[in-house]
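Listed below are the residues making up each chain.
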Amino acid sequence: MSSATDIISLKGVGAALALKLERLGIHTIQDLLFHLPLRYQDRTRILPIGSLRPGDECVIQGEIRASDIVMGKRRSLLCRIQDGTGTLTLRFFHFSAAQKQQLSTGKAIRCFGEVRPGPSGLEMVHPEYRASTSDDLTPVEEALTPVYPMTEGLQQNRVRSLITQALMWLETGHLPELLPESLRQRWKLPDLRDALLYLHAPPVDADQHLLLEGRHPAQRRLAFEELLAHHLTLMKLRHRVQESGAPRLPYHGQLCTPFLEQLPFSLTQAQERVSREVTADLNKAIPMLRLVQGDVGSGKTVVAALAALQAVENGFQAAVMAPTEILAEQHYINFTQWMEPLGVKIAWLAGKVKGKQRLAQLASIADGSAQIVVGTHALFQDEVRFYNLGLAVIDEQHRFGVHQRLSLREKGRDGQKTPHQLIMTATPIPRTLTMSAYADLDCSIIDELPPGRTPVSTVVIADSRRDQVIERVRAACNEGRQAYWVCTLIEESEALQCQAAEVAEATLRELLPELRIGLVHGRMKAQEKADVMQCFKSAELDLLVATTVIEVGVDVPNASVMIIENPERLGLSQLHQLRGRVGRGSVESFCVLMYHAPLSKQGRERLAVMRETTDGFKIAEKDLELRGPGEVLGTRQTGMMQFRIADLQRDGDLLERVRQVAAQLEQQPDLIEAVTRRWLGQGEEYGHV
Ligand code: ADP
Ligand code: MG
């Protein structure tokens, strides 16, 4: 505990102050030291008044030449001060009689404040000041003055003085250096203590620009250690999972071969490559932990099916899990069509499977007669007992949190062995994020679409041209194509979004009476949703009005037109997902992004990205750049992505180094323990595994 002593032990910290500090995430002295300044003030030099410019934040010193109360719009005290190079006005709106007295003509004064233009030359409003009858004012500061992130009711000076105490605590050797000397030399990382001292009290000649950007070696060193701690935690999880071992599931081919033969297409090279990687993993006695990334429509389902069959060939069960009932059901239908002819028995479990039917499914899962189980997160429930689960496939991973990913690992046979895991995501994940958030997983990429797809062309149009858009939908549907009309609203209000979709549907029915129009939204019962989707799939509907529930996985090749209302409200990755619903057949598809003017500069930029590229990886990179990792990964993932100091965009280039260093530290469990504890506590974030 010595490295993280409670904040209460500092002088002057009582319960009330401790509470405020807690709001800043500061519980220990160590936390306080990791609470880095946002920026710095230079109080080390006295600037000549004649050299000042608006916006400067600086110390000046001079003589008070006049001091008057002025009754303007607001009663104020104005002092004119002069230093031989120029004059400047100090303006006080609040002042006491004693202050007025203090600020009398003839006194020497030193002030610190921000310079701004006033009605008669430059001025400082409510500067910090010290006035004296003699010239011997206190000396200037020797180091730059830190400005800390604050919370209400807390003063900079208060935090500064606490940090001064914390630095003394640090100087007495409390926060040990954890990174080995050789490593620090190799990567030119400053010592921890030096780095912290530097950042809380940088010398006068420090490169403020570098510090502001967070790129100073002292900052990079801390970011490095933090990223390392996160990485080591994920590696620990990975090792723990792999220690338990997994059943070996070698490739035999008695099911996979006929499966491949009956497919109406042959695999793309990318599908083949990724399948080979999966096959090799399954052949090992340690659990596979593999993430398969592939853009929408790249054909991940077939890869999952092959893996599942390989498990079945070895007499083991496979579970395939999807985040929504619609998607799970679609997998169930596909798998049934593909595999029943091969004599494979498939069970189906979702929230809507109830009563006797549910019991029957559970029984077949428990006694092993169901060889493949398809479902939603209902598969996570305790009542689900597998006979011998050999492989778990999780589709659209980013919608499942890390915790769920982990809880699934516990579902192995007898709790002794762990099932192999294959995680599929259609949201391409920027490399910096795979290297951080998914460092516990190996990664495969399906970077090729099946042949015969025509790229979707995207147009960006203001909703003032709605009539034209509607005509376009009419024309397309009259040609026998099908279309989606997607309504978006701020995510928090699903109710409003559903309402918007209902309104849109009613309006479209009126304007397009000859079309068959359906509606799906998140508040409908799962069965209703599935029925509407089925109608759309079998072309009994021309136009499907939907909320973003169709985002994931719906496969209707004849649908070639998509209108997205208010696309500016969605993240790029989400738009990309939506757009992936069209362009699945051989006809040319188009996507209309119908925004509501005016767009912000960022909004314009984002929609332009959508128009210019259909490459999911490029889009994901841009999304990361514009919105940050929390948004890209989904909120459930953010818990583990909250860094105190590191910033994935800024420090992403450190990750490769972090990976190498982590590998070198493998033989030093004590050190790993110390580093992860320092930055992540006991690992609560990772769900006690
Ligand atoms: P996703 O990667 O988005 O999950 P799917 O697995 O749903 O993609 O595949 C999208 C469509 O492409 C499906 O209709 C599927 O049958 C088809 N498909 C998959 N692989 C191929 C291939 N190699 N050649 C032609 N079509 C394919
Ligand atoms: Mg899919």
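Rules used throughout
- Residues numbered from 1 in each chain as written.
- Chains lettered and ligands numbered in written order.
- Predicted model: local features only at pLDDT ≥ 70, side-chain atom pairs only at ≥ 80, totals over all residues.
- Heavy atoms only, no water.
- Helix = DSSP H or I, 4+ residues; strand = E, 2+ residues; numbered from the N terminus.
- Buried < 20%, exposed > 50% of the residue type's maximum accessible area, 1.4 Å probe, protein only.
- Contact = heavy atoms within 4.5 Å.
- Salt bridge = Lys/Arg side-chain N within 4 Å of Asp/Glu carboxyl O.
- Pairing = 2+ DSSP bridges.
- Axes fitted to C-alpha atoms, helices over the stretch in contact; angles between N-to-C directions.
- Left-handed = near helix turned anticlockwise from the far one by under 90°.
- Nonpolar A, V, L, I, M, F, W, Y, C, P; charged D, E, K, R; others polar.
- Expected span 1.5 Å × (residues − 1).
- Arc of directions from axis to C-beta.
- pLDDT = per-residue confidence, 0-100.
- Core = buried A, V, L, I, M, F, W, Y, C linked by side-chain atoms within 4.5 Å.
- Phe/Tyr/Trp six-rings, centres within 6.5 Å; stacked < 30°, edge-to-face > 60°.
- Near = heavy atom within 4 Å.
- Polar contact = N/O pair within 3.5 Å; in protein donor to acceptor, adjacent residues only side chain to side chain.
- Areas by Shrake-Rupley, 256 points an atom, 1.4 Å probe, with all protein chains shown as cover.
- Disulfide = S-S within 2.5 Å.

1. Section: the overall build of the protein
Next, step 1: Looking only at helices and strands, one finds 26 helices and 21 strands in the protein.
Next, step 2: By its C-alpha atoms, the protein is 100 × 65 × 45 Å across when sized along the principal axes.
Next, step 3: When each of the 689 residues of the protein is scored for burial, the buried share is 54%.
Next, step 4: In the protein, the share of contacts with a sequence separation of at least 24, taken over all contacts with a separation of at least 6, comes to 75%.

2. Quick look at the pattern of salt bridges
Next, step 1: The tally for this structure, following the rule as stated, stands at 33 salt bridges.
Next, step 2: Of the charged contacts in the structure, one is a salt bridge between Glu673 and Arg677, with a shortest N-O distance of 2.8 Å. Here Glu673 and its partner Arg677 are both found in helix α26 (residues 669-680), four residues apart, which amounts to about one turn of the helix.
Next, step 3: By relative accessible area, which is 42% here, Arg677 ends up partly exposed.

3. Some remarks on the sheet that holds strand β21 (residues 590-595)
Sheets are built from strands paired through backbone hydrogen bonds, the pairs being either parallel or antiparallel.
Next, step 1: Read across the sheet, six strands follow the order β16-β21-β20-β17-β19-β18 without closing on themselves; strand pairing throughout is parallel. Sheet topology places β16 (457-462) and β18 (517-520) at the edges, where each strand pairs with a single neighbour. Each adjacent strand pair in this sheet contributes to an overall mean axis angle of 20°, direction not counted.
Next, step 2: Bridge count between β16 and β21: six bridges; the pairing is parallel. Residue pairing across strands places Ile461 opposite Met594, the latter belonging to β21.
Next, step 3: Sheet contacts for helix α16 (residues 466-478): β16, β17 (482-486), β19 (543-546), β20 (559-565) and β21; angle to β17, the most-contacted strand, approximately 150°.

4. Notes on the sheet that holds strand β11 (residues 346-349)
Next, step 1: Read across the open sheet, the seven strands follow the order β11-β12-β10-β13-β14-β9-β15; overall the sheet is parallel. A single partner strand is all that each edge strand has here, and the edge strands are β11 and β15 (442-446). Averaged over neighbouring strand pairs, the angle between their axes works out to 20° when direction is ignored.
Next, step 2: By the bridge criterion, five bridges tie strand β13 (residues 389-395) to strand β14 (residues 420-425) in an arrangement that is parallel. Across the sheet, Ala392 pairs through a bridge with Gln421, a residue of β14.

5. What to know about the packing of helix α19 (residues 572-579) against helix α20 (residues 601-612)
Next, step 1: At a minimum axis distance of 11 Å, the contact between α19 and α20 shows a crossing angle of 35°. In the packing of α19 onto α20, the handedness of the crossing is right-handed. Contact with α19, carried on its side by Leu572, Leu575, His576 and Arg579, involves Arg606, Leu607, Val609 and Met610 of α20 and no other residues of that element.
Next, step 2: Within the contact of α19 with α20, the residues separate by chemical class into five nonpolar, one polar and two charged.

6. A few points about α26
Next, step 1: For α26, which comprises twelve residues, the first-to-last C-alpha distance of 16 Å matches the rise-based estimate of 16 Å (1.5 Å per residue) to within 8%.
Next, step 2: Within α26, the full set of buried residues consists of Leu671, Ile672, Val675, Thr676, Arg678, Trp679 and Leu680. Taken down its axis, α26 places every buried residue within 160° of arc, on the same side. Opposite its buried face, α26 presents the exposed residues Pro669 and Asp670, each directed more than 90 degrees away.
Next, step 3: Among the structural elements, α2 (29-33), α6 (192-200) and α8 (217-243) are those in contact with the buried residues of α26.

7. Considering the confidence of the model for the protein
Next, step 1: When pLDDT is averaged along the protein, the result is 87, and 91% of the positions lie at 70 or above.
Next, step 2: Within the model, the stretch residues 635-639 combines pLDDT values under 50 with twelve contacts to residues more than four positions away or in other chains.

8. Focus: unusual backbone geometry
Next, step 1: In this structure, the amide linkage connecting Ala597 to the following residue, Pro598, adopts the cis form with an omega of -5°.
Next, step 2: Take Pro598: it is sitting in the loop between β21 and α20.
Next, step 3: The phi dihedral of Lys188 is positive, around 55°, even though this residue is not glycine.
Next, step 4: When you line up the elements, Lys188 lands in the loop between α5 (181-187) and α6.
Next, step 5: The backbone phi angle of Asn566 is positive, close to 50°, even though this residue is not glycine.
Next, step 6: Structurally, the position occupied by Asn566 is in the loop between β20 and α19.

9. With respect to the nonpolar core
Next, step 1: Of all hydrophobic cores here, the largest spans 70 residues; its most connected members are Leu196, Leu222, Phe224 and Leu228.
Next, step 2: In terms of residues, this core owes the most to one element, α8, which gives nine residues.
Next, step 3: Phe259, Ala304, Ala318 and Val353 belong to the second-largest nonpolar core, a separate cluster that totals 43 residues.

10. Looking at the packing of aromatic side chains
Next, step 1: In total, this model carries six aromatic pairs according to the counting rule given.
Next, step 2: Geometrically, the ring pair formed by Phe34 and Trp679 is stacked, given 4.3 Å between the ring centres and 10° between the ring planes. Placement of the pair is Phe34 in the loop between α2 and β1 (39-41) and Trp679 in helix α26, with a sequence separation of 645 residues.
Next, step 3: Seen in terms of ring centroids, Phe92 and Tyr129 are 5.7 Å apart; in terms of plane orientation they differ by 80°. Their pairing is edge-to-face.

11. Details of the site of ligand 1
Next, step 1: Surveying the vicinity of ligand 1 reveals 16 residues, the closest of which are Gln271, Gly297, Lys300, Thr301 and Arg453.
Next, step 2: In the model, a nitrogen atom of ligand 1 is placed 2.9 Å from a nitrogen or oxygen of the Ser266 main chain.
Next, step 3: At 3.4 Å from an oxygen atom of ligand 1 is found a main-chain nitrogen or oxygen belonging to Ser298.
Next, step 4: A total of 560 Å² of accessible area belongs to ligand 1 in isolation, and the protein chains cover 81% of it.
Next, step 5: A class-by-class count of the residues in the shell around ligand 1 yields four nonpolar, seven polar and five charged.

12. Considering helix α25 (residues 655-664)
Next, step 1: By the burial criterion, the buried members of α25 are Leu655, Val658, Val661 and Ala662. Take α25 and look down its axis: the buried residues cluster within an arc of 120°, on one side only.
Next, step 2: The inward-facing, buried residues of α25 abut α5, α8, α15 (431-436) and α24 (648-651).

13. Examining the side chain of Arg358
Next, step 1: Examined against the element boundaries, Arg358 turns out to sit in helix α13 (residues 355-366).
Next, step 2: Ignoring anything within four residues of it in the chain, the contact list for Arg358 reads Leu349, Ala350, Gly351, Val353, Ala378, Gln381 and Glu383.

14. Describing the environment of Ala319
Next, step 1: By secondary structure assignment, the location of Ala319 is in strand β10 (residues 317-321).
Next, step 2: On the basis of relative accessible area, Ala319 is assigned to the buried category, the value being 1%.
Next, step 3: Ala319 sits 218 residues away from Lys537 along the chain, and the two C-alpha atoms are 26 Å apart.
Next, step 4: Excluding its chain neighbours within four sequence positions, the residues that come into contact with Ala319 are Val373, Leu379, Phe386, Leu389, Leu391, Ala392 and Val393.

15. A word on the state of the cysteines
Each disulfide consists of a covalent bond between the sulfur atoms of two cysteine residues.
Next, step 1: Taken as a whole and assessed by the stated rule, the structure comprises zero disulfides.
Next, step 2: Cysteine Cys58 remains unbridged, with the sulfur of Cys111 as its closest cysteine sulfur at 9.4 Å.

16. Things to note about the pairing of β17
Next, step 1: The buried fraction of β17 amounts to five of the five residues, a majority that puts the element mostly inside the structure.
Next, step 2: Burial along β17 is two-sided: Gln482, Tyr484 and Val486 and Ala483 and Trp485, pointing in opposite directions, are all buried.
Next, step 3: Note that β17 and β19 share four bridges and pair parallel. The partner of Trp485 across the bridge, within β19, is Val545.

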